[in-house]
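Residue-level structural notes
So you can see what is in the structure, the chains are spelled out below.
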Number of protein chains: 2
Amino acid sequence: MHAQPADTVLAPRGLPDEGRFRAVIESVTPQVDGGRFAAKRVVGDEVVVEADCFADGHDAVVAVLCWRRDGDEGWHAAAMTPLGNDRWRGRFEVGELGRWWYTVTAWVDGFQSWRRDLARRVDAEDIRMAALVGADLIDDAATRADEADRDALRAWARRLRDEVEGSAAGDPQVLKALGLDVPLGEIAARRPDRRFAATHAALPLDVDRPLARFGAWYELFPRSTARLAGAHGTLRDLAERLPDIAAMGFDVLYLPPIHPVGRERRKGPNNTLVAAPDDVGSPWAIGAAEGGHLAVHPPLGSADDLRHLVAKAREHRLEIALDVALQCAPDHPWVAEHPEWFRRRPDGSVQYAENPPKKYQDIYPFDFESADWQAMWVALAGIFRHWADEGVRVFRVDNPHTKAFPFWEWAIGELRRDHPDLIFLSEAFTRPRVMHRLAKLGFTQSYTYFTWRNTRHELTEYFTELAHGPGADYFRPNVWPNTPDILPEYLQLGGRAAFIVRLVLAATLAASYGIYGPAFELMEHLPREPGSEEYLNSEKYQIRAWERDRTDSLAALIGRVNRIRRDNPALHSNASLRFLTIDNEQLIAYAKTTPNLDNVVVVVANLDPHNVHSGWLEFDPAAFGVEHDASFQMHDLLSGARYLWSSARNFIRLDPQRLPVHLFLLRRRVRNERDFDYFL
Amino acid sequence: MHAQPADTVLAPRGLPDEGRFRAVIESVTPQVDGGRFAAKRVVGDEVVVEADCFADGHDAVVAVLCWRRDGDEGWHAAAMTPLGNDRWRGRFEVGELGRWWYTVTAWVDGFQSWRRDLARRVDAEDIRMAALVGADLIDDAATRADEADRDALRAWARRLRDEVEGSAAGDPQVLKALGLDVPLGEIAARRPDRRFAATHAALPLDVDRPLARFGAWYELFPRSTARLAGAHGTLRDLAERLPDIAAMGFDVLYLPPIHPVGRERRKGPNNTLVAAPDDVGSPWAIGAAEGGHLAVHPPLGSADDLRHLVAKAREHRLEIALDVALQCAPDHPWVAEHPEWFRRRPDGSVQYAENPPKKYQDIYPFDFESADWQAMWVALAGIFRHWADEGVRVFRVDNPHTKAFPFWEWAIGELRRDHPDLIFLSEAFTRPRVMHRLAKLGFTQSYTYFTWRNTRHELTEYFTELAHGPGADYFRPNVWPNTPDILPEYLQLGGRAAFIVRLVLAATLAASYGIYGPAFELMEHLPREPGSEEYLNSEKYQIRAWERDRTDSLAALIGRVNRIRRDNPALHSNASLRFLTIDNEQLIAYAKTTPNLDNVVVVVANLDPHNVHSGWLEFDPAAFGVEHDASFQMHDLLSGARYLWSSARNFIRLDPQRLPVHLFLLRRRVRNERDFDYFL
């Protein structure tokens, strides 16, 4: 009578093989483009993973975080904790370099549902029935357990059944207590019924060295390091300079290309089209008869000299970074050896770089649509491989956005498989999507727009995005107040205060920053012509003799700033950055902290390099772990001055002629064993 | 000499088959969970698709939007337009119901790069060289063209070459003009070199009837429609009521379950546990000796009567919606026929619904972990199939969140494959993630939290999320001021003004809304007990005789509101919703518009049902297409009053004892052919 009429029976087309996967896992974080790319962390990080995990109905859901290093067989697993509203959180620590994977698995758990419901039951008959249901669930868990657990679980199930049928006829309170036994519950929980567990697709994570997140970079031209003014400096000369650079507190010493400089169409000083016979040319015009990307420019020295420099640098806690520019001077050996790697013009000549109407006839770009792309990829990646084999572990890549994206994903992936400690800095000053794509493809760090962000509004918006925006899991900013290509107007016009402000902003807003020196510490500020961001007499085209011992050099101040960075872990990452309110547009204020607030750094800077500015800073001590109404000290680590603050509003006055910034450490009042108060 | 040393040669491991895909496509919108689920639109919509499309370097990128109906062979295609910052936009119209697919393809285009660069070139020799490069590109396009185009392209290439080599030795201006020829350029552009085109994974789109987005629903209990007070109403009685319901301007008439009501453990009036012999029980306790989900409750009538009702309703522009509650009364035939579809208790009895310590012993839930789940799924989907075959096209699904998610995805997918005009309303008053999941799985519309959102802050936040949040592409709200389960406190205490305000908010904030009547229009406001949201003498458990012709009935007002909805396309979707600023917390104001602003509706409501409130409304006429300084009329379509506004601030005063809302149509001043101004 109630059989379905034939026309209402659905053919079971499209039925899944298993329809009982009731749990859902959504919105796992971190996650870059649905797992297409890896999130980034550094060794020692605790990775916090969150996910939405839920199921139909009211049954209890269990969610577990799973992780492993690439290549490991099994998965580590740890229970996740519900945060409310179906969001769950778990953590794991990444102790080793390289590729890791993580995922989330979740299921509807009959045993946990039973326990939760048992605790809520009041009716005696209900509780007796529930005890029998539980006994079945526990017996079921026993079938999945090892021998010791199995016996314990079977005994537990038996006690529940005996209690129901025993003399007390199942005293509800006794039954409830027995069913809710904590140690036995933990044993059963170790053997859940995961037949219908849902598991999210595994997500990739790249674990780098701490230097990938936190480091101070110093760029200089080795050929300007000769003792004798005007002479061509060498890598050996540079090795002599290492103590000074180390004294400034830098972590990375980065060199423009060190390869033979092309002679054909060599540029003269200030980028003039015709070079005189003894003009040194641009190091980015790579390749000449002496060799290409795998050779050292003979006037700089030999491969031996580079190895010597790398080793010496290490003694000074410095790493050498090389600039890799994938382009050729017309006389680069590859131009003749691999004509198919370059595009030809109708007259048979090689197509030089151009951006019409501009022409760069001294530079031949590689043709990433070449039919011989595979051999070319291997050769280009081989450049990094070669210098990695020479001991170099940090590369700054010139204009990576003008090379095909698939190449970078492949090359960085391959190189990091063998050398997971490699660091690649992307020098792509281009559109946001392109910069982000390069970071996703594997670049460890990225240049930013910091160089042109000067106002409070610009800085606040940009660094909020960098620290907390969707790129925070993969785009690591490395910010530069100047580079050999960029002398920003602010530095041209702002004098000493401008250099100090930009230095401190860079060093504290971003965990990684760099300067191009000695131009920076000597406050070089003349542009090639008004309106230009090019340096006058730029080192890109000529040797410069720097008066490094000038009394107004910022070297000592830079050293102090870098030591403050090292000493204060709050400055070692960007995740904690928060901007503070101050009632003067020319003043910017922000704080960085460690996660547990045991290190709090507050920076206030006067962005107007010409005038004194003052204002009231809103600073809520409670938000930084200072107890209510407790006074605390703000210790300016740059000037040494100390201020006693207690209210939530404090007066700030910054004179650019003296120091245009405060770099405060918050010191809490503590009492020692002799009842004296001091500030820690 | 420059061959790479053996140890620097990378083995070409991991090289892709093709590495020359230079273009990237990211962040395509609309997109639900990376394409795992379909976005939703209705027939006639123009689907706006956006994507980030870019490549390395400076070459020109071309992006194309592709779309097709499910099952169609080829793809339609249309060029996308760059919006700046690497974002592109394209559009297509969906003219038919069902599943559609769309994707984006993009490539680096040599021909377009050549044209763009040619326009910028100034050097004569450059232009001559470029003309020859272009001739090669055009010849290349010719090889991909049909015969007519091929000849035109070859001729073009030849003219370029001849011009370079001709008597004028390649006059640069002539060459430039020839290369930039627009009609010829369009021919070449039709045959691009797409060898290295990147294509995004195809994304699904479900196209529904317009009713899926815009409709007014009216719920009532058929058994309360008898002419004779106290008698059991029938579907034939209900058919008599259709003109009244149609006169109120509704689109959907939705009935609680119409199946045989279980006798075992039947509930009495006001949800008492024991029913008297002539108590009618709850329609949600489905199934008795007379049949289950495929049968009509005999006191209501027959399957014939339902068909009659469906047909009659259609004459009144009304659709019948049925409530499908997937649960059984203890005497539902399936309980005996399919014992494996239900969970058993240790005593062999069927496990009733419970949420300890609460028990619902009159309801047996289906066990979605049943070993016989496949047969059960087919039978449950067969319920919808059965009533669809009887002409029903709209289903309200009771508590879908207590049934396994995979079932819904399969069942709705299968049912819509045969009946793409089906509409499923999800009655899941539960946690946000669960409600969203059901919408993603295929539910056409969803109940919301509107019923409990009363303050301006709550309404603004919630409807901003619904209209513009991440769910806007798949979660279609259907908002209800009351339901048989929910008499909210605001209606219990607020009197007539409260009912009017909630009606107008529902009808204008959301394109789909519904009321449960006649309780609503008769302003039924007594709860079962203080603090309860249950109706006193709820129709869920007893027949009610309604005094429908009471002079204070809101029926006429409801009719006016629904006619205003139909007449004003601004109210047919939620996408244009924007809240306006008004300086009194008790007043809420918002606007809805058509995309081209030819219909602008502004609602202002007094949320305090007891007191007069006034305030200044900020209304920027320019944002609504009114010319600067032009005056315009605000025509209150409810009261008929007209106001002449011109400034950006206008005074509002709303007296709940009269009408607590303005429902304004903005009328622009226009001049007719006899030079008279009037308001359109």
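See the structure above.
Remember, it's a predicted structure, so these values are computed and weren't measured experimentally.

1. Some thoughts on the interface of chain A and chain B
Interfaces are often sized by the amount of accessible area the parts lose when they come together. Contacts between the two partners involve 89 residues from chain A and, on the opposite side, 89 residues from chain B. Together chain A and chain B conceal approximately 7,700 Å² of surface at their shared face, both sides included; 55% is due to carbon and sulfur atoms. Linking chain A to chain B there are 16 salt bridges. Where glutamate 26 of chain B meets lysine 440 of chain A, a salt bridge forms, and the shortest distance between an N and an O atom there is 2.9 Å. Across the contact surface, chain A and chain B share 20 residue pairs in polar contact (both at pLDDT 80 or more). The element that contributes the greatest number of residues to the side of chain A that touches chain B is helix H9 (residues 373–389) of chain A, accounting for 10 residues.

2. Observations regarding the environment of valine 296 of chain B
Residues and elements named next belong to chain B. Along the chain, valine 296 turns up in the loop between strand S12 (252–255) and helix H7 (303–315). Accessibility expressed as a relative area gives 11% for valine 296, which makes it buried. C-alpha separation for the pair valine 296 and proline 257, spaced 39 residues apart in sequence, amounts to 9.0 Å. Aside from chain neighbours lying at most four places away, what touches valine 296 is Leu235, Ile258, Pro260, Gly301, Ser302, Ala303 and Trp387.

3. A look at the relation of the copies chain A and chain B
Take chain A, turn it by 180°, move it 0.0 Å along the axis, and it overlays chain B with an RMSD of 0.1 Å. Here the transformation between the copies is reduced to the relation of a two-fold axis. The rotation axis passes nearest to the C-alpha of glycine 34 of chain A in chain A, at a distance of 3.5 Å. Comparing interface residues between copies, 100% of those in chain A also sit at the interface in chain B, which points to an isologous, same-surface contact.

4. Notes on the packing of aromatic side chains
Counted by the stated rule, this structure contains 87 aromatic pairs over all chains. Measuring from ring centre to ring centre gives 6.0 Å for phenylalanine 221 of chain A and tryptophan 284 of chain A, while their planes differ by 75°; the resulting arrangement is edge-to-face. Placement of phenylalanine 221 of chain A in the loop between strand S11 (215–219) and helix H6 (235–247) and of tryptophan 284 of chain A in the loop between strand S12 (252–255) and helix H7 (303–315) is noted, with a sequence separation of 63 residues between them. Taken individually, phenylalanine 221 of chain A and tryptophan 284 of chain A each receive the classification buried, so the pair is uniform in this respect. With centroids separated by 6.5 Å and ring planes inclined at 75°, the aromatic side chains of tryptophan 217 of chain B and tryptophan 480 of chain B adopt a geometry described as edge-to-face. Within this pair, whereas tryptophan 217 of chain B is found in strand S11 (residues 215–219), its partner tryptophan 480 of chain B is found in the loop between strand S21 (478–479) and helix H13 (489–509), the two being separated by 263 residues in sequence. Assessed through its relative accessible area of 1%, tryptophan 480 of chain B is described here as buried. Through successive ring pairs, a cluster of aromatic residues spans Phe368, Trp373, Trp377, Phe384, Phe395, Phe407, Trp408, Trp410, Phe424 and Phe443 of chain A. For arginine 68 of chain B, the ring lying beneath its charged end belongs to tryptophan 75 of chain B, and the centroid distance is 4.7 Å.

5. A short note on the sheet that holds strand S7 (residues 87–93) of chain B
The antiparallel open sheet is built from 4 strands, whose spatial order is S1-S3-S7-S6 (chain B). Unpaired on one side and paired on the other, strand S1 (23–29) and strand S6 (81–84) of chain B mark the two borders of the sheet. The sheet shows a mean angle of 35° between the axes of neighbouring strands, taken without regard to direction. With 5 bridges connecting them, S1 of chain B and strand S3 (residues 46–55) of chain B associate as antiparallel partners. Each bridged residue has a counterpart across the sheet, and for glutamate 26 of chain B the counterpart in S3 of chain B is aspartate 52 of chain B. Sheet strands touched by helix H11 (residues 432–441) of chain A: S1, S3 and S7 of chain B. Its angle to S3 of chain B, the strand with the most contacts, is close to 70°.

6. Some thoughts on the pattern of salt bridges
Residue and element names in this part refer to chain A. Using the criterion set out here, one finds 117 salt bridges over all chains in the structure. A salt bridge links arginine 416 to aspartate 208, with the nearest nitrogen and oxygen atoms 2.6 Å apart. Of this pair, arginine 416 sits in helix H10 (residues 405–418) while aspartate 208 sits in strand S10 (residues 203–208), and the two are 208 residues apart along the sequence. The two residues arginine 416 and aspartate 208 agree in class, both being buried.

7. Concerning the packing of H13 of chain B against helix H14 (residues 555–567) of chain B
All names here are of chain B. Two numbers describe how H13 lies on H14: the axes approach to 11 Å, and their chain directions differ by 20°. Between H13 and H14, the angle is such that the two are roughly parallel. Two packed elements cross with a definite hand, and for H13 against H14 that hand is right-handed. Across the interface between the two elements, Ile500, Leu503, Val504 and Ala507 of H13 pack against Leu557, Ile558, Val561 and Arg565 of H14. By residue class, the composition of the contact of H13 with H14 is 7 nonpolar, no polar and 1 charged.

8. Observations concerning helix H4 (residues 172–179) of chain A
Residues and elements named next belong to chain A. Among the residues making up H4, those that are buried are Leu175, Lys176, Leu178 and Gly179. Along the axis of H4, the buried residues cluster in a sector spanning 165°; they form a single face. In H4, the exposed positions angled more than 90 degrees off the buried face are occupied by Gln173 and Ala177. Where H4 is buried, its residues contact helix H1 (110–120), helix H2 (124–144) and helix H3 (147–165). Near the N-terminus of H4, the side chain that reaches the backbone nitrogen of glutamine 173, with its oxygen 2.8 Å away, is that of aspartate 171.

9. Considerations on the side chain of aspartate 323 of chain A
All names here are of chain A. Its location among the elements puts aspartate 323 in strand S13 (residues 319–325). With relative accessibility at 1%, the residue aspartate 323 sits in the buried group. Side-chain polar atoms of aspartate 323 contact the side chain of tyrosine 254, separated by 3.5 Å. Here tryptophan 284 takes part through its side chain, which lies 2.9 Å from a polar atom of the side chain of aspartate 323. Setting aside its immediate chain neighbours within four residues, aspartate 323 contacts Tyr254, Leu255, Pro256, Pro257, His259, Trp284, Arg396, Val397 and Asp398.

About the cut-offs
- Residues numbered from 1 in each chain as written.
- Chains lettered and ligands numbered in written order.
- Predicted model: local features only at pLDDT ≥ 70, side-chain atom pairs only at ≥ 80, totals over all residues.
- Heavy atoms only, no water.
- Contact = heavy atoms within 4.5 Å.
- Buried area = accessible area lost by both parts, 1.4 Å probe.
- Salt bridge = Lys/Arg side-chain N within 4 Å of Asp/Glu carboxyl O.
- Polar contact = N/O pair within 3.5 Å; in protein donor to acceptor, adjacent residues only side chain to side chain.
- Helix = DSSP H or I, 4+ residues; strand = E, 2+ residues; numbered from the N terminus.
- Buried < 20%, exposed > 50% of the residue type's maximum accessible area, 1.4 Å probe, protein only.
- Least-squares fit on C-alpha atoms with pLDDT ≥ 70 in both.
- Phe/Tyr/Trp six-rings, centres within 6.5 Å; stacked < 30°, edge-to-face > 60°.
- Lys NZ or Arg CZ within 6 Å of the ring centre and 35° of its normal.
- Pairing = 2+ DSSP bridges.
- Axes fitted to C-alpha atoms, helices over the stretch in contact; angles between N-to-C directions.
- Parallel < 35°, antiparallel > 145°, perpendicular 65-115°, else oblique.
- Left-handed = near helix turned anticlockwise from the far one by under 90°.
- Nonpolar A, V, L, I, M, F, W, Y, C, P; charged D, E, K, R; others polar.
- Arc of directions from axis to C-beta.

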